[in-house]
Amino acid sequence: MDLFLYNSYTRKKQIFIPVKDDSVTMYACGPTVYGPGHIGNGRSAIVFDTLARVLRYKYKNLIYVRNITDVDDKIINTAKEEKVETSFVTKKFTEEYHNDFARLHVLPPDIEPYATDHITQMIDFIKILIKNGNAYFSESHVLFNVSSFTGYGELSGRKTEDMIPGARIKVASYKKNPSDFVLWKPSPNNEVGWESPWGRGRPGWHLECSAMIKEHLGETIDIHGGGEDLTFPHHENEIAQSVCCNDKPLAKFWIHNGLLRTNKLKMSKSLGNFILMKDLLKEYDGEAIRLAILSSHYRQPLIWSSDLLIQSVKTLNKLYSSIKGYDLEVSKDECTPDKKVLKALYDDLNTPKALAEIFSISKKISKSENKVELTQSLIGSANLLGLLNFSSDDKKFKKTSESNIDYIKDLIEERKIARVKKDYLESDRIRDILIKLGVEINDN
RNA sequence: GGCCACUUGGCGGAGUGGUUACGCAGCGGCCUGCAAAGCCGUGGACGCCAGUUCGAAUCUGGCAGUGGCCUCCA
């Protein structure tokens, strides 16, 4: 079965054929660790994790790289405000991201490079760009000369002359051209920095990805991904740097996930309308959040709401109850994905369609003679989406906070006694309380 | 101003030139002390206006609305 993916670069759905037959390379832009992650960061991680799972299923080898940006002005500013070292900030939030992602059942990437571990590679990268005439030194900065690269703007579909220079950020004096971007910038002695041929300084944002891709995956990779908002300028600049440095295309496929919205507006740190992963995870299980994200196609904008989450919790409970008992008879490696589910996923990661097929298997189980077989197919399919990670005996998918558990257990016990006494008035009263606490009662 | 998306039932959300998507919620039934779950059944939709066509929610054009990007962002 062929895999099709929508390539942002060509704006078409195309058949995916890796550069090397059995080995696939994928790079996704990871977070800048200057603050806690919001659910938009989570969407991106979940989308590329799901794609990685599908690629791993189809191909023998996948090398999936997701970076950590641990040098950046925002990190420096946070450290200043909190009066701590930048390494304290980056360590703290890297850990938070790792925790949040794990609870969303996002598997760790094969390689997770840190920008600060690749300063040498970045300096070498700049040297080549200067030598090739694509970069210049000006007022302690090294800048990429956009006019030296004819392919500039092809990914994002824009021309430099269409853009309004300084529309949001005023044009710096050291730039020859408003579109030029920083490869290296000076650092004062009291800020994080590294020695370089251009003085003590630090790299510009876009450079790390180009340098780390080259280091870990090679000059041309199969898939480069990230949020839609990174298309311009970040990915456009990566292409410019890498193509000019290596004289080869950077990536065969560009994959971008759509942005999350709250009400009408995109969720973003700058607008302040974001929902933190860690806050959401206090109230909902990660699997329900993951289901909520995958219930929409990855390229579509998704309006985030509590209704969506409540629906996901219910749906997940139904899936678990359909395999209740049967899942204990199967081992994970006997579980292979259903053909129709695979077909949906191979069609540009159509997770809503894949979920519809999963529901259809789930519905069949109770009526079927081959309950175990269908359970295997259901679990195998759901696992490919990072769902149904627990056994049906675990109650982890319920929307219940840890602190309530003892109280809930007591209530359930009291209700049992009331029912034995046939005091149904009392048992119904307790059930109402439990329902309000988000606990569903299943008497059989 | 330039460029790019999107618009499907109460809500979420796929897909297709003619036939049930699916999920949640609703309604009717079986089951149950009553519920829930499960099972059976069921109503309800394709932004607006033209065009192409035997037939358009699907293709084409126009319009409207919503959103994104134009050097912070996933």
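Just so we're clear, the structure is a prediction, and the values are computed from it rather than from any experiment.

(A) Geometry of the overall build of chain A. Within chain A, the secondary structure is distributed over 14 helices and 13 strands. Overall size of chain A, expressed as C-alpha extent along the three principal axes, is 85 × 50 × 35 Å. Within chain A, buried positions represent 50% of all 444 residues. Across chain A, every contact between residues at least 6 apart in sequence was considered, and the portion connecting residues at least 24 apart equals 76%. In chain A, 63 positive and 61 negative side-chain charges are present, and the distance between their average locations comes to 4 Å.

(B) Inspection of the domain arrangement of chain A at higher detail. One can read the domain layout of chain A as domain 1 (4–134 + 144–156 + 202–261), domain 2 (284–384) and domain 3 (402–436). On a C-alpha basis, the centres of domain 1 and domain 3 stand 51 Å from each other.

(C) The packing of aromatic side chains, seen in detail. The full count for this structure, using the stated rule, is six aromatic pairs. Ring centres of F16 and Y59 lie 6.0 Å apart, and the angle between their planes is 75°; on these two criteria the pair is classed as edge-to-face. Of the two residues, F16 is situated in the loop between β2 (12–15) and β3 (23–28) and Y59 in the loop between α1 (39–58) and β4 (61–66); the sequence distance between them amounts to 43 residues. Like F16, the residue Y59 is buried in the burial classification.

(D) How the structure looks around a positive patch on the surface. Taken together, the side chains of K314, K318, K363 and K367 make up a positively charged region of the molecular surface. Among the structural elements, K367 can be located in the loop between α11 (351–365) and α12 (371–384). Looking at K367, the relative accessible area reads 71%, which means it is exposed.

(E) Local environment of the protein's contact with RNA strand B. Taken together, 62 residues lie near RNA strand B, and S179, W205, G227, D229 and K266 sit nearest. Backbone atoms, meaning sugar plus phosphate, form 61% of the atoms of RNA strand B positioned within 4 Å of the protein. Contact between RNA strand B and N41: a sugar or linking oxygen at 3.2 Å from a side-chain N or O atom of the residue. Contacts to RNA strand B include Q311, whose side-chain N or O atom sits 2.9 Å from a base nitrogen. Sorting the residues of the surface near RNA strand B by element identifies α1, β9 (221–227), α6 (231–246), β11 (260–262), β12 (265–266), α9 (306–322), α11 and α14 (424–436) as the ones contributing at least two each. A per-class count over the surface near RNA strand B returns 20 nonpolar, 23 polar and 19 charged.

(F) Local environment of helix α5 (residues 207–216). Counting buried positions along α5 gives seven out of ten residues, so the element sits mostly inside the fold. Along α5, the positions that sit buried rather than exposed are L207, E208, C209, S210, A211, M212 and I213. In this fold, the buried residues of α5 make contact with β3, α4 (119–131), β7 (181–186), β8 (201–203), β9 and α6. G218 lies just past α5 and shows a positive phi near 110°.

(G) Broad picture of the confidence of the model for chain A. The pLDDT averaged across chain A works out to 87; a share of 91% of its residues lies at or above 70. In the predicted structure, residues 396–403 sits below a pLDDT of 50 and forms 18 contacts with residues beyond four places in sequence or in another chain.

(H) Summary view of a nonpolar patch on the surface. Taken together, the side chains of F4, I15 and I17 present a nonpolar region at the surface, about 240 Å² in accessible area. Along the polypeptide, F4 turns up in strand β1 (residues 4–7).

(I) Focus on the packing of α9 against α11. Their axes nearest at 9 Å, the elements α9 and α11 cross at an angle of 45°. In terms of orientation, α9 and α11 fall into the oblique class. Between α9 and α11 lies a crossing of left-handed hand. Side by side, α9 and α11 meet where T315, K318, L319 and S322 of the first sit next to I358, F359, S362 and I365 of the second. Split by residue class, the contact of α9 with α11 holds four nonpolar, three polar and one charged.

(J) Looking closely at the nonpolar core. Judged by nonpolar contacts, the single largest core of 76 residues is most densely connected at F16, M26, I39, L55, I223, I289 and W304. Sorting elements by how many residues they give to this core places α1 first, with nine residues. Domain assignment of the residues forming this core places at least three in each of domain 1 (4–134 + 144–156 + 202–261) and domain 2 (284–384). Sequence-distant contacts of F16, that is, excluding residues within four places in its chain, are made with L3, F4, L5, V24, L55, Y59, D222, I223 and F253.

(K) Region of the structure containing helix α10 (residues 339–346). Looking only at α10, the buried set comprises V341, L342, A344, L345 and Y346. Check the buried side of α10 and you find it contacts β1, α1, α11 and α12.

(L) Here's a closer look at the sheet that holds strand β5 (residues 135–138). A sheet is described by the order of its strands in space; here four strands give the open sequence β5-β6-β7-β8, paired in antiparallel fashion. The strands lining the two open edges of the sheet, one partner per strand, are β5 and β8. Along the sheet, successive strands turn relative to each other by an average axial angle of 20°, direction set aside. Pairing geometry for β5 and strand β6 (residues 141–144), over four bridges, is antiparallel. Note on β6: the bridge partner recorded for A135 is F144.

(M) The pattern of salt bridges, seen in detail. This model, assessed by the stated rule, comprises 16 salt bridges. Across the pair E112 and R66 runs a salt bridge whose closest N-O atoms are separated by 3.3 Å. Here R66 lies in strand β4 and E112 lies in the loop between α3 (86–103) and α4, a separation of 46 residues in the sequence. With a closest N to O distance of 2.6 Å, R202 and D73 form a salt bridge.

(N) Local environment of the sheet that holds β4. With respect to topology, four strands assemble into an open sheet ordered β4-β3-β9-β10, the strand pairing being parallel. In the strand order of this sheet, the two ends are held by β4 and β10 (251–257), each with one partner. Sheet twist, expressed as the average angle between the axes of neighbouring strands with direction ignored, equals 20°. Along the sheet, α1 contacts β3, β4, β9 and β10; its crossing angle with β4, the most-contacted strand, is approximately 165°. Across the face of the sheet, α5 comes into contact with β3, β4 and β9 while running at roughly 160° to β3.

Criteria and cut-off values
Residues numbered from 1 in each chain as written. Chains lettered and ligands numbered in written order. Predicted model: local features only at pLDDT ≥ 70, side-chain atom pairs only at ≥ 80, totals over all residues. Heavy atoms only, no water. Helix = DSSP H or I, 4+ residues; strand = E, 2+ residues; numbered from the N terminus. Buried < 20%, exposed > 50% of the residue type's maximum accessible area, 1.4 Å probe, protein only. Contact = heavy atoms within 4.5 Å. Lys, Arg positive; Asp, Glu negative; His and termini not counted. Charge placed at Lys NZ, Arg CZ, Asp CG, Glu CD. Domains from an automatic or database assignment. Phe/Tyr/Trp six-rings, centres within 6.5 Å; stacked < 30°, edge-to-face > 60°. Patch = residues over 30% accessible without salt bridge, like charges linked within 9 Å, V, L, I, M, F, W, Y side chains within 5 Å. Areas by Shrake-Rupley, 256 points an atom, 1.4 Å probe, with all protein chains shown as cover. Salt bridge = Lys/Arg side-chain N within 4 Å of Asp/Glu carboxyl O. Near = heavy atom within 4 Å. Polar contact = N/O pair within 3.5 Å; in protein donor to acceptor, adjacent residues only side chain to side chain. Nonpolar A, V, L, I, M, F, W, Y, C, P; charged D, E, K, R; others polar. pLDDT = per-residue confidence, 0-100. Axes fitted to C-alpha atoms, helices over the stretch in contact; angles between N-to-C directions. Parallel < 35°, antiparallel > 145°, perpendicular 65-115°, else oblique. Left-handed = near helix turned anticlockwise from the far one by under 90°. Core = buried A, V, L, I, M, F, W, Y, C linked by side-chain atoms within 4.5 Å. Pairing = 2+ DSSP bridges.

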